[in-house]
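# Structural description and commentary
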Amino acid sequence: MNKNKEKLLAKRYSSEKRFQFLGKSAIFMALLFLAIFIFKIFSTGYTAFQKTWLIVPVNFDAETMYLDANPSKEDLEDADYFEISLQSMFNLDKNANEKQQNELKKMVSYFFEREIKQELINDPSLLGKTKDVYITASDDLDQVFKGNYPRDLPENQRRVTDYQLKIFDQLVEQGKVESKFNLSFFTYPDSREAELAGIASSFMGSIFSILVCLAIAFPVAVLAAIYLEEFAPKNRFTDFIEVNINNLAAVPSIVFGLLGLGILLAVFQLPRSTPLVGGITLSLMTLPTIIIACRASLKAVPPSIREAALAMGASRMQTTMHHTVPLSMPGTLSGTIIGLAQALGETAPLILIGMVAFVNTIPGSPMDPAASLPVQIYIWAESAERGFVEKVSACIMVLLGFLIVMNLFAQIIRHKFEKKWS
Amino acid sequence: MKKNGVNMIKISAKNVDVFYGKKQALFNINLEIEENQVTALIGPSGCGKSTFLRCLNRMNDVIDICKVQGEIVINDFNINDKGCDVVRLREKIGMVFQKPNPFPKTLYENISYGPTIHGMAQSKQEMDEIVETSLKKAALWEEVKDRLHEPGTGLSGGQQQRLCIARAISVQPEVILMDEPCSALDPIATAQIEELIDELKKEHTIIIVTHSMAQAARVSQNTGFFHLGELIEHGSTDKIFKNPENNKTQDYITGRFG
């Protein structure tokens, strides 16, 4: 009898140990996957925050630019910079033949003319002098400098020619190649050229979409939740509504995209590819999330608080607005932020309403065409150029950073403003 | 208030039946409550004494499935009439609950809430006075006067309950309903509340539901004994405790059941 008991006890202990082991290994697995994922993203993406510049001496010759000695600001704007830009590239190798000159020109981004122009506009006294100017290297040389480019491939399989590599190596030796923080990644819109592509348009697109989504989903969801929780009678009809709100939360997001396409674009003729339409579509997705969070936090307000207010002679409306709703706000807000974070990462519905279009302007309002961060990742991931590989990872990092900040904010709201009741 | 040596009747319940869905919780209750007296409602758990108490300020309205029938007349007015405005009613009839339930706001806001929503103070000064007198009447002023703007939930259990009493009397109700106000408190806090009840009855009519027969004997002048949804016996506390007419009452107060 006693021995049996001991056996049983040992069995109970070992089963608990087994369970703990399984639980721990599950957590370990989850953390491992996360670590691999983050390591992969960071190791491919961190180079995108650096950009390679060639330091090229430019001769700001007034005559070549058709400028007189004392040009006005307008004159400087209108001057012809192409010739001096081209010339400064050709000067890297005085003996280059025509084909090689063409290759020299392709060593920098096609933006080089504008960079040289900006240099002179910033400092008009350079006119007639020669100065070293930082010029964005082409995306392929950028990759070469970062060590991401397979130099040992046969030349006909490379986009960088042997001649370009030779000149580039000479420049590196002379210290004329520099890597600096890639500010243009954050300030430039999308571009077909990897070295000039930035997230400004998609970042603003995401911000505008989220704001539109918040402006629509939050008031509608909170009003719906308050009415359902505090005022609506509990009957079959309200049960039916509740079930359907939960169903709405489970609808695949691409369906909302089709809805946006069919209703907002086709019927209401709203402008395509705009954060306005994107935000409205996303708000349909966010709505049930906020309703559910808001109802849950209204339910969590102890009934004793409602009774206290009612017994003081407060009307139902006063009880709700003075006591229940303020107490439920921390939960509602953190639910809202989590809903918005989901919307922020949503790609499929935005592709359907046309936010996948190539946008090379920075949107100034929700009515301007824009992309969004996840869609930008999708667009770049489709691009063939090697320069976009790191951009994809960098964009993912920005998106993840954005999401982490939002979730952190949700946590802070929850912990800081949650009232404790006895 | 006495008229010819007899206490005035403040509340009279006539043929009150209460249903929770199909289940009947109270059967034909007839009870008269005297003004400026403390009336204790006693009885075993689930006997319907709290349900009856909640009929008096229509708090049962909150429960969807609860239906109240019969007449409850307060100041010559049947509160179960359709024309009765519950907001006005609850202004006149305050309530203190079993568990202290201060709002998670400051002490000051807890007291000023009722006067604010009923528009009782014209100025900040008047409100300050209401808060002070309410807290003084609830014997809490001395303990909290320096921290009126701290959260009410930071007080001890007994202090919280006195805060709830102060909140209830801030709108100068005629009647105060107390639903086992001491059940969550220690003996010292209980003694303080009982003393307070004795003081409050000068200005308010008090109805208290209690599980403790000793408490009923200490604080009340009248007692009603409920059992299984029926009012078995009611009368002066002296008579109920010393000389009950009904055997069940006798058994309950002597501790044979309940």
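Residues numbered from 1 in each chain as written. Chains lettered and ligands numbered in written order. Predicted model: local features only at pLDDT ≥ 70, side-chain atom pairs only at ≥ 80, totals over all residues. Heavy atoms only, no water.

Right, let's get into the overall build of chain A. Within chain A one finds 17 helices and 3 strands. By principal-axis analysis of the C-alpha atoms, chain A measures approximately 95 × 70 × 40 Å. Looking at chain A residue by residue over its 422 residues, the buried ones come to 45%. A sequence separation of at least 24 residues applies to 76% of the contacts in chain A between residues at least 6 apart. (Helix = DSSP H or I, 4+ residues; strand = E, 2+ residues; numbered from the N terminus. Buried < 20%, exposed > 50% of the residue type's maximum accessible area, 1.4 Å probe, protein only. Contact = heavy atoms within 4.5 Å.)

Turning to a nonpolar patch on the surface, a few remarks are in order. Judged by side-chain polarity, I27, L31, L34, F37, I38 and F42 of chain A come together as a nonpolar surface patch covering roughly 580 Å² of accessible area. Residue placement: F42 of chain A occurs in helix 1 (residues 2-45). (Patch = residues over 30% accessible without salt bridge, like charges linked within 9 Å, V, L, I, M, F, W, Y side chains within 5 Å. Areas by Shrake-Rupley, 256 points an atom, 1.4 Å probe, with all protein chains shown as cover. Salt bridge = Lys/Arg side-chain N within 4 Å of Asp/Glu carboxyl O.)

So, on to the layout of surface pockets. There is about 670 Å³ of room inside the largest pocket. Around the largest pocket, the lining is made up of 23 residues, and of these E230, R306, L310 and R316 of chain A together with V62 of chain B lie nearest the centre. When residues of the lining of the largest pocket are traced back to their parent elements, those giving at least two are helix 9 (200-231), helix 12 (275-299), helix 13 (303-311) and helix 14 (316-344) of chain A together with helix 2 (86-92) of chain B. The leading source of residues in the lining of the largest pocket is helix 13 of chain A, at 4 residues. Residue classes in the lining of the largest pocket are distributed as 10 nonpolar, 3 polar and 10 charged. (1 Å grid on protein atoms, 1.4 Å probe; cavity = no way out; pocket = protein on both sides within 12 Å on 5 of 7 lines; lining within 4 Å. Points joined across faces, edges and corners; volume = space filled by probe spheres on them. Nonpolar A, V, L, I, M, F, W, Y, C, P; charged D, E, K, R; others polar.)

All names here are of chain A. We note that the domain assignment places domain 1 (51-180) and domain 2 (200-417) within chain A. Each of domain 1 and domain 2 was reduced to a C-alpha centroid, and the two centroids are 46 Å apart. Each partner contributes to the interface: domain 1 provides 8 residues, whereas domain 2 provides 4 residues. With both chains or domains summed, domain 1 and domain 2 bury close to 460 Å², and 46% of this area falls on carbon and sulfur atoms. Sorting the residues of domain 1 by area buried against domain 2 places D139, Q143 and N148 first, and these three jointly supply 55% of that buried surface. Linking domain 1 to domain 2 there are 1 salt bridge. At the surface where domain 1 touches domain 2, the tally comes to 2 residue pairs in polar contact (both at pLDDT 80 or more). When grouped by side-chain class, the residues that make up the side of domain 1 that touches domain 2 number 2 nonpolar, 2 polar and 4 charged. (Domains from an automatic or database assignment. Buried area = accessible area lost by both parts, 1.4 Å probe. Polar contact = N/O pair within 3.5 Å; in protein donor to acceptor, adjacent residues only side chain to side chain.)

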